[in-house]
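# A structural walkthrough
Below, each chain spelled out in residue letters.
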Amino acid sequence: MRLTLNSCTVRYPSTEALKDITLSIQQGVFLAIMGKTGSGKTTLLEVLAGLAKPTSGTVSPTGFSQSVGIVLQRPEDQLFASTVEEDVGFALKNLSLSPEEKSKRIGEALEAVGFTDRKACPLLLSGGQKRKVAIAGVLVFHPSVLLLDEPTSGLDPTGRKAMLQLLTSLNKQNVTIVMASHDADAVAECATRLIILDDGRIAQDGNPHEVFADVSNMKNLQVGVSHAREIAYLFEQKGYRLPEGIIKEEELEKALEAAPWMDA
């Protein structure tokens, strides 16, 4: 399933959140969206999910679709039932499925996110667990596209690692991932495509290696790059040659191990 925006603008009384956005997202991509606060990231996700309607332009598919699921930045906003099982299965009530099929879908969704306690109270879970349950509540629909707003925000290192592993695993199953994030290291680790928004417009669009390459431009856009790219850039500024396109920790480690000047 392809998501397409054609000349989309979203106007609010005091601002234009998106300005003439044209974008095509192919099935199976892991797309990251970065940009400074107020650049339009959340609005873009809401338009893709059918939760916000463009003031002008078109979006396809039109409106809310069960094929497109969204997890908000505050996952607790999506949780309300007394048990995880009720919460994850709530959206299935309007589908003509047997109780056995509904239970099966709930179990599969919870297994996919690595959470098995159906009777736990959602509101008593940790931030990472709440996010997993919120994602499970979307996965019961078997969506082909998963939209997430800052999925690693507020998570401890263990929770962050587990979240990125989950998203990567889903993407390998051909689920399209669209992730708005300030976490440049997560983007470098997982994304296959990166868009930078600036004042409601697309300022950069390419693979993360290409977009992170111009560190000066990223700083001008008030967007960070991965720690590995920042360190490689500092070496380059000192005149030390490293392979192009370093954005991941393992890429930096291999480059430094192979650099002849490291033994000098």
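The structure under discussion appears in the preceding block.
Because the structure is predicted, anything quoted here is derived from the model rather than measured.

### A few points about the overall build of the protein chain
Assigned secondary structure in the protein chain consists of ten helices and nine strands. Computed over its C-alpha atoms, the radius of gyration of the protein chain comes to 20 Å, within 12% of the 18 Å expected for a compact globule of 264 residues. Counting only C-alpha atoms and orienting by the principal axes, one finds that the protein chain spans roughly 70 × 45 × 30 Å. Taking all 264 residues of the protein chain together, the buried fraction comes to 47%. Within the protein chain, contacts between residues at least 6 apart in sequence are counted, and of these 62% link residues at least 24 apart. When the accessible surface of the protein chain is split by element, carbon and sulfur atoms take 49% of a total near 13200 Å². Considering the protein chain, the positive charge centre built from 27 side chains and the negative charge centre built from 33 side chains are found 4 Å apart.

### Notes on helix α4 (residues 127–139)
Along its 13 residues, α4 runs 18 Å from first to last C-alpha, staying within 8% of the 18 Å computed at 1.5 Å per residue. Among all positions in α4, only Gly 128, Lys 130, Arg 131, Lys 132, Val 133, Ala 134, Ile 135, Ala 136, Gly 137, Val 138 and Leu 139 are buried. Next to the buried residues of α4 lie β5 (68–71), α2 (84–89), α3 (99–113), β6 (145–149) and α5 (157–172).

### Overview of the nonpolar core
Formed by 48 residues in total, the largest nonpolar core has its most connected members in Val 88, Ile 135, Leu 146 and Phe 212. Counting residues per element, this core draws most heavily on α4, at six residues. Apart from residues no more than four positions distant in its own chain, Leu 146 is found in contact with Gly 69, Val 71, Ile 135, Val 138, Leu 167, Leu 170, Val 175, Thr 176, Ile 177 and Val 178. Leu 5, Leu 18, Ile 25 and Ala 49 belong to the second largest nonpolar core, which has 26 residues in total.

### Concerning the environment of Ile 25
Relative to the helices and strands, Ile 25 is located in strand β2 (residues 15–25). Residue Ile 25 is classed as buried on the basis of its relative accessible area, which comes to 1%. Considered as a pair, Ile 25 and Arg 193 are 168 residues apart in the sequence and their alpha carbons are 9.6 Å apart. In contact with Ile 25, not counting residues within four places along its chain, are Met 1, Arg 2, Leu 3, Leu 31, Leu 48, Thr 176, Val 178 and Arg 193.

### What about the sheet that holds β2?
Think of a sheet as strands paired side by side through backbone hydrogen bonds, with each pair either parallel or antiparallel. Strand order in the open sheet made by the three strands is β2-β1-β4, with antiparallel pairing throughout. In the strand order of this sheet, the two ends are held by β2 and β4 (56–60), each with one partner. Along the sheet, successive strands turn relative to each other by an average axial angle of 20 degrees, direction set aside. The sheet contact formed by strand β1 (residues 3–12) and β4 spans four bridges and is antiparallel.

### Some words on the environment of Gly 206
Within the secondary structure, Gly 206 sits in strand β9 (residues 201–206). In this structure the C-alpha to C-alpha distance between Gly 206 and Arg 193, which are 13 residues apart in sequence, comes to 5.6 Å. Aside from chain neighbours lying at most four places away, what touches Gly 206 is Arg 193, Leu 194 and Val 211.

### Re the packing of helix α9 (residues 227–237) against helix α10 (residues 249–258)
For the pair α9 and α10, interaxial distance at closest approach is 8 Å and the crossing angle is 30 degrees. If you check the angle between α9 and α10, you find them roughly parallel. When α9 is examined against α10, the residues Ala 228, Ile 231, Ala 232 and Phe 235 are found in contact with a partner set consisting of Glu 249, Leu 252 and Leu 256. Class assignment of the residues belonging to the contact of α9 with α10 gives a composition of six nonpolar, no polar and one charged.

### Observations concerning the sheet that holds β9
With respect to topology, six strands assemble into an open sheet ordered β5-β6-β7-β3-β8-β9, the strand pairing being mixed. At either end of the open sheet lies a strand with only one pairing partner, and these are β5 and β9. Sheet twist, expressed as the mean angle between neighbouring strand axes with direction ignored, is 15 degrees. In the sheet, β6 pairs with strand β7 (residues 176–180) via five bridges, with the strands oriented parallel. When the sheet's bridge partners are listed, Leu 146 is paired in β7 with Ile 177.

About the thresholds
Along each chain, residue indices are assigned from 1 in the same order as the chain's sequence is written. At least 70 in pLDDT is required for a residue's local features to be given in this predicted model, at least 80 for side-chain atom pairs to be given and counted, and no such filter applies to totals for whole chains, interfaces and linings, which use all residues. Side-chain descriptors were evaluated using all non-hydrogen atoms of the structure, hydrogens and water having been removed beforehand. Labels follow the DSSP assignment, with helices taken as runs of H or I lasting at least four residues and strands as runs of E lasting at least two, numbered in each case from the N terminus. We take the radius of gyration over the C-alpha atoms and set the globule estimate at 2.2 Å times the residue count to the 0.38 power. Three labels apply to residues, based on accessible area from a 1.4 Å probe with only protein chains included: buried if under 20% of the type maximum, exposed if over 50%, partly exposed otherwise in between. The criterion used for residue contact is that any of the two residues' heavy atoms lie within 4.5 Å. Here, Shrake-Rupley sampling with a 1.4 Å probe gives the accessible areas, and only protein chains in the shown set may cover a residue. His is not counted, nor are the chain ends; Lys and Arg add positive charge and Asp and Glu add negative charge. Every charge is mapped onto a representative atom, which is NZ of Lys, CZ of Arg, CG of Asp or CD of Glu. Take the residue count of a helix, subtract one, and multiply by 1.5 Å to get its expected span. Throughout, nonpolar core names a set of buried Ala, Val, Leu, Ile, Met, Phe, Trp, Tyr and Cys residues whose side chains join them through atoms within 4.5 Å. Only when DSSP finds a minimum of two bridges between them are two strands counted as paired. For helices, the fitted axis covers only the stretch in contact; all axes are lines through C-alpha atoms, and the angles between them, taken along N-to-C directions, range from 0 to 180 degrees. Just so you know how the angles are binned, under 35 degrees is roughly parallel, over 145 roughly antiparallel, 65 to 115 roughly perpendicular, and the rest oblique. Each residue gets one of three labels, nonpolar for Ala, Val, Leu, Ile, Met, Phe, Trp, Tyr, Cys and Pro, charged for Asp, Glu, Lys and Arg, and polar for the others, Gly among them.

Distances and angles like these do not, on their own, reveal function.
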